[in-house]
Amino acid sequence: MTELQAAPRGKPLNLPRLETRARYRDALTAIVAFVVLASLPLFFDSKALLDFVIRCSAFGLFATSLNLLVGYTGMISFGHGMFFGLGAYSFGLIMQKTGVPIPVAFIATLVLSAVAAAVIGAICVRLKEIYFAFVTLAFQMLIHSTILSWVSLTGGDQGLRGGIPRPVFLGIDLGNQVHLYVASCALLVIGLLLMRQIAQSPFGYTLRMIRDNAARASFVGIDVWRAKLTIFVLAALFASTGGVIMSLFVSGAYPEFAYWTISGEGIFINMLGGVTTFLGPMLGTVLFLILNDTVTRFTEYHGIVLGIVILFFAIGLRKGLMDFAIEWYAARRGRGEQA
Amino acid sequence: MTRTRKPGISRRSSLALMGAGLATLAAPWAARAQAKAIKVGMPTILSGRVAQLGTSSRNAVLLEVERVNATGGLAGRPIEMVIRDSKGQPQEAARVARELVNTDGCELLIDAEASSGAFAVHEVARDLGVLCIHTNSETSSLTADPKQRIPNAFRTARQGVHDSIVGGSYAASIAKAKGLKKWATCSPDYAYGRDTTGEFVLYLKRFAPDVEIISESWPKLFQPDYTEVVTKVLQARPQALYTCLWGGDLTSYIDQANIYALFGQMEVFAVNMADYTALTVVKNLPKGIHSGNRYIKTYPSTPENAAWGDAYKAKYGEYPTNWSWENATAIMLLAEASKKANSADGKKIAEAMRGLTIKSPFGTDGTVTMRADDQTLVGYAIGWGTTIPQEPYVPEVKPGDWKTIFELEAEWKKSNGYS
Amino acid sequence: MDLNALIACLASSACLVTQTTSGLIIGMLLFLVAVGLTLIFGVLKVVNFSHGAFYMFGAYFAMTTYQITGSFAAAMLCGAAGTAILGLIFERVFMSRVYGADVLMQLLVCYAFVLIFDDVVRMVWGPEFKSMGMPTAFQVMPLFIAGGVVPPYYLLLIGVALVAAIVLGAGLSRTRIGKVVRAAAHNPSMTSALGINTGLIYGGVFALGGMLAGLAGALAAPVRSLTPGMGFSVLIESFIVTVIGGMGSILGALIGALLIGLIRSFGSLGFPLFTEGLMYLFMVIVLVSRPTGLFGKEVA
């Protein structure tokens, strides 16, 4: 883990002025990104493009939030998908059963996810390394089994059926694809911006310190357990937001959303894009979805193709694409300066 | 794919536009030679444990499409199938279905998804308004529940409740004749397993009121080992056992129950036994298992059905499955409805399809009907018989009576608040 | 929930014997898969996520051999030997390249092979499920022991698994090779400095683990249907077993496997709809109270 993440450690730790400037820069980037994304439908009349970006938002939030755990804190969670599923199910159920406005349901979903994450996290974050991975996986499977068994509430293996009602609020109609698209982009950009703030805050550097040397962190007076629990809950919130977007996209929620494969895909996305940069997982998401969509289009033996691509990354590059690109760029610039 | 993904590649899309413009110019000549193909999208499961569902559905569809195209296609337009794997994941099924319509330009959808995938595609059909025929989901509520219903979605698969009514009345007659009072059930723990078993028991008790269920087991879907549920049934010592396990799960169960000599100790009713997928695979098939017909070429015992089964086998080297006939029926119905409407337009085909009766090798009386009020298939061959270990596997099938099915189905709908 | 059925069963010796043996059967097959996992983890520190594929290949190899030769013994032999060779190749060509790397990289390589192996099986043997069929020698009436039912084939199965457990346990603790393997697990660089070829040991351990999983697959082939992806559910259960027993502990794998088997067989009586959930619950409880598992040591 550590050797892969050498890069962010080199950043300045306590330069408040620089940090404020960086924050403005991040916010500005976010606004520009949102404007660009939101104006896409004006130029491209492609529903498939919108669908693609909506799915990118769902998986992007999920994968980036997983990176807060894996890349920044060194907590390899195999069960992050449970919050994706939890978000989708809570949101879908609240909308189907109560008929409250969408923002209320969304906030209620976040509250529910936070409570669940706090309880599960309190049990899990004590464990280290592979044992943390396994216990999160076990919790994920427990939640998946519960969804399957609790048929009267969740619809069991058939998922939430009959569509999720999407009443208009503030003039926004999420039943309309363009509206849903803009809303997803907004959630994505806001989510990324917030996560970036977390990552660059003093708390974010505390997390890196825990990752690199938990013992040292606790010597300097950091409550490691509390910091880990906090980031576990925060990451769960963003994952659950991803689940909400996905449930709106498919107009339902399915047990597969809480299955371990979603967590596996999250890890894969992170490795594809790279875990040392903030935007690595986002790039990984785009790559993963393009890969998934094109390969399943041309062959039903997509397992072999995907497997070979993974091998290329794992054995060939030995790092994510973003990391590879940055190192390559740095190396080139270094050579340029020498010359 | 990438064509529309990123703004940076817009140059290619303008090239494509130019290409399309040229094609339009060339169109008058092309049209005379051959009308534009109509694309039919088909999301299904082609990988993983139930890949056979997808491959045998695809085989049947392609077999029928060949025939339809040979006689002029849909209103003169040849059918072009676009078949894609959803890996059995509902979100992928929804994504693939949307992409088929939005990107690939499919005008019709054949939804060959199982279980939850079918509900996911159903939502896409609701959203996009495209004509969609469900071919593999037998879950009753998909068409029976008015909340699910949309005018553009049909089903050409069996419906769970039909099977249960016929199975229940058949089992009750055996139960009365042989005095089978103590029953056990063992079915996979998912919606299809639970619903079908519940309905079977309901009708069994209705026709044979003194039947009692003394043991229930609910193994997981795709569970590799059934030893614990086999022994559980043995402990309960029932006189008869009902199971709606299917495919590989059923064959595992039979192999494992066989070495406990379970089949000598009770009558077994396995609704999904009489399908070639299970019949040809099980090496030591016990004699005398009661089963519903899934697909066998000897029932209905008509030359048309036998010819269809043989044609399929000649082309693909194996017998068709239950999924095969359900998917073949979708294409047959599309072709007939399009002929009736004299159009390849989804809305007009849907209009023509409601209440349409067509000739079919799979019908009880040589025809099947797309019932107008809930847009699901009726009149298909449905019956029960007992197995023997070699061809024809189920020598005698006792046909179900559609009149009784309709009566009881209407009652069932009422009790579920569906009508 | 159906607690009455569970209590009634515990009170009857016939039920107790039958359900206990059924738990043993499930447990012993699981043990064969899990012990390979735990061995590979103990020596190589690799979580072999593709272990289920070896179980699958074992079953397919056995089926094909049985179809060609008609000999059950040959089928078992080919199932085990074939996967041993496969394990050796897999370790030497691919896994050995990522030992120094992140644990996630190792997982990715395994994940890639889970995908590839499933597709390979689908290409070679087809997507439909298959059945090997019970050899005629075992198509006999089950035995009755204290009122409980026990099929002879399952006695063989339990016997083979027990022998494997004893041979492994004794081999590791008593023989020279066992000592070398334990040394390599404990301190690889020191072992290699002493002139021992650790690469050979790693490959051998992987082959051994693969062979045990393949043997489990071959033994299961007569009673379980064969499909691409069949290794997966077995893999998840054997993970639970190794985690409960303690990663790297052979005794732990044995006890864990038996516990899971018994949870399944008695759980299906008392909680027919939540048997699976019961296993995960048990795993969570063990991990929380003893993070290293029942028999795991902190060093692992």
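In this text the structure is predicted, and so the values were computed from the model without any measurement.

A. Up close: the overall build of chain A. When helices and strands are tallied, chain A shows 15 helices and zero strands. A compact globule built from 339 residues should have a C-alpha radius of gyration of about 20 Å, and chain A, at 20 Å, falls within 12% of that. Every one of the 339 residues in chain A was classed for burial, and the buried ones make up 53%. A separation threshold of at least 6 residues defines the contact pool for chain A, and within that pool the share at least 24 residues apart is 78%.

B. Spatial organisation of the sheet that holds strand β2 (residues 79-85) of chain B. All names here are of chain B. One open sheet accounts for five strands, arranged β2-β1-β3-β4-β5; its pairing is parallel. The open sheet has two edge strands with one neighbour each: β2 and β5 (153-155). Shown here is a sheet whose adjacent strand axes are inclined to one another by a mean of 20°, direction ignored. In the packing of helix α2 (residues 51-70) onto the sheet, the strands contacted are β1 (38-44), β2 and β3 (108-111), and the crossing angle to β2 comes to about 175°.

C. Layout of the interface of chain C and chain B. At the interface, 39 residues of chain C touch 36 residues of chain B. Where the side of chain C that touches chain B is concerned, the elements lending two or more residues are α2 (13-44), α10 (231-245) and α11 (250-270) of chain C. Looking at which element gives the most residues to the side of chain C that touches chain B, the answer is α2 of chain C, with six residues.

D. Representation of unusual backbone geometry in the model. All names here are of chain B. A cis amide bond, omega -5°, links Tyr299 with the succeeding residue Pro300. Among the structural elements, Pro300 can be located in the loop between β11 (290-295) and α11 (303-316). The omega torsion across Glu391 and Pro392 is 5°, close enough to zero to call that bond cis. Tracing the backbone shows Pro392 in the loop between β15 (383-386) and β16 (397-399). Positioned with a positive phi, Ala75 is a non-glycine residue whose angle comes to about 50°. Mapping Ala75 onto the fold places it in the loop between α2 and β2.

E. Here's a closer look at the interface of chain C and chain A. Contacts between chain C and chain A engage 30 residues on the former and 30 residues on the latter. Secondary structure elements with two or more residues in the side of chain C that touches chain A: α5 (103-125) and α12 (275-289) of chain C. Counting residues per element, the side of chain C that touches chain A draws most heavily on α5 of chain C, at twelve residues. Here the residues of the side of chain C that touches chain A sort into 24 nonpolar, one polar and five charged.

F. Focus on the sheet that holds strand β14 (residues 377-378) of chain B. All names here are of chain B. Taken in spatial order, the three strands of this open sheet run β12-β13-β14, and their pairing is antiparallel. Every interior strand has two partners, whereas the edge strands, β12 (357-359) and β14, have only one. For strand β13 (residues 367-370) and β14, the ladder comprises two bridges, and the chain directions are antiparallel. The residue bridging Met370 from the neighbouring strand is Leu377, located in β14.

G. Geometry of the environment of Gly274 of chain A. Residue and element names in this part refer to chain A. Within the secondary structure layout, Gly274 lies in the loop between α12 (260-273) and α13 (280-298). Taking the number of C-beta atoms within 10 Å as the measure of exposure, Gly274 has 28 and is therefore buried. When the C-alpha positions of Gly274 and Gly320 are compared, they lie 3.6 Å apart, and in sequence the two are 46 residues distant. In this structure, Gly274 is in contact with Gly280, Lys319, Gly320, Leu321, Met322 and Asp323, ignoring residues within four places of it in sequence.

H. Looking closely at the packing of helix α8 (residues 227-236) of chain B against α11 of chain C. At a closest axis distance of 9 Å, the pairing of α8 of chain B and α11 of chain C adopts a crossing angle of 50°. One element, α8 of chain B, and the other, α11 of chain C, form an angle in the oblique class. Handedness of the crossing formed by α8 of chain B with α11 of chain C: right-handed. Of α11 of chain C, the residues touching α8 of chain B (which contributes Glu228, Val229 and Lys232 of chain B) are Arg264, Ser265, Ser268 and Leu269 of chain C. Here the contact of α8 of chain B with α11 of chain C is built from residues that sort into two nonpolar, two polar and three charged.

I. Summary view of the packing of helix α3 (residues 51-69) of chain C against helix α4 (residues 72-94) of chain C. Residue and element names in this part refer to chain C. Following both chains from N to C, one finds α3 and α4 inclined at 140°, their axes separated by 7 Å at the closest point. Considering their axes alone, α3 and α4 lie oblique with respect to each other. Classified by chirality, the crossing of α4 by α3 is right-handed. Of the residues in α4, those touching α3 at Phe54, Phe57, Gly58, Ala59, Phe61, Ala62, Thr65, Tyr66 and Thr69 are Phe72, Ala74, Ala75, Met76, Cys78, Gly79, Ala80, Gly82, Thr83, Leu86 and Gly87. Taken together, the residues that form the contact of α3 with α4 break down as 13 nonpolar, seven polar and no charged.

J. Spatial organisation of the confidence of the model for chain B. All names here are of chain B. Residue-level pLDDT values for chain B average 86, and 92% of them are 70 or greater. Across chain B, the secondary-structure element scoring lowest on mean pLDDT is helix α1 (residues 10-33), at 44, and the one scoring highest is strand β4 (residues 131-134), at 95. Under the prediction, the complex receives an ipTM of 0.85, its pTM being 0.84.

K. Main features of the confidence of the model for chain A. With 93% of its residues at a pLDDT of 70 or more, chain A shows a mean pLDDT of 83. The model gives residues 1-13 of chain A a pLDDT under 50, and that stretch makes 17 contacts with residues more than four places away or in other chains.

L. Looking closely at α8 of chain B. All names here are of chain B. Of all ten residues making up α8, ten are buried, and the element is well covered by its neighbours. Of the positions making up α8, those classed as buried are Thr227, Glu228, Val229, Val230, Thr231, Lys232, Val233, Leu234, Gln235 and Ala236. Of the residues trailing α8, Arg237 is marked for its positive phi of about 50°.

M. Structural detail: the pairing of strand β6 (residues 182-186) of chain B. Residues and elements named next belong to chain B. Within β6, four of the five residues are buried, which leaves the element mostly enclosed by the surrounding structure. Relative to strand β7 (residues 212-217), β6 runs parallel, the two being bridged by five bridges. Looking at β7, one finds that Trp183 is bridged to Ile213. This β-α-β element, β6 to helix α7 (residues 191-207) to β7, shows right-handed connectivity. Pairing between β6 and strand β8 (residues 240-243): three bridges, direction parallel. By the bridge assignment, Thr185 is partnered in β8 with Tyr242.

N. Geometry of the pairing of β4 of chain B. Residue and element names in this part refer to chain B. The two faces of β4 match: Leu131 and Ile133 on one face and Cys132 and His134 on the other face are all buried. Across four bridges, the pairing between β3 and β4 is parallel. Bridge pairing in β4 links Leu108 to Leu131. With helix α4 (residues 115-128) bridging β3 and the parallel β4, this β-α-β connection has right-handed handedness. Pairing analysis gives three bridges linking β4 to β5, with the strands arranged parallel. The partner of Ile133 across the bridge, within β5, is Phe154.

O. The nonpolar core, seen in detail. Counting 339 residues, the largest nonpolar core has Leu109 of chain B together with Leu29, Phe31, Leu32, Ala59, Ala62 and Leu108 of chain C as its most contacted members. Per-element tally for this core: the top contributor is α2 of chain C, with 18 residues. The residues contacting Ala59 of chain C, other than those within four sequence positions of it, are Gly79, Gly217, Ala218, Ala220, Ala221, Leu226 and Met230 of chain C. Judged by nonpolar contacts, the second largest core, of five residues, contains Tyr190, Ala191, Tyr192 and Phe222 of chain B.

Reading guide: rules and limits
- Residues numbered from 1 in each chain as written.
- Chains lettered and ligands numbered in written order.
- Predicted model: local features only at pLDDT ≥ 70, side-chain atom pairs only at ≥ 80, totals over all residues.
- Helix = DSSP H or I, 4+ residues; strand = E, 2+ residues; numbered from the N terminus.
- Rg over C-alpha atoms; globule rule 2.2 N^0.38 Å.
- Buried ≥ 20, exposed ≤ 12 C-beta atoms within 10 Å, placed from the backbone.
- Contact = placed C-beta atoms within 7 Å.
- Pairing = 2+ DSSP bridges.
- Axes fitted to C-alpha atoms, helices over the stretch in contact; angles between N-to-C directions.
- Nonpolar A, V, L, I, M, F, W, Y, C, P; charged D, E, K, R; others polar.
- Parallel < 35°, antiparallel > 145°, perpendicular 65-115°, else oblique.
- Left-handed = near helix turned anticlockwise from the far one by under 90°.
- pLDDT = per-residue confidence, 0-100.
- Right-handed = clockwise from strand over helix to strand, strands pointing away.
- Core = buried A, V, L, I, M, F, W, Y, C linked by C-beta atoms within 7 Å.

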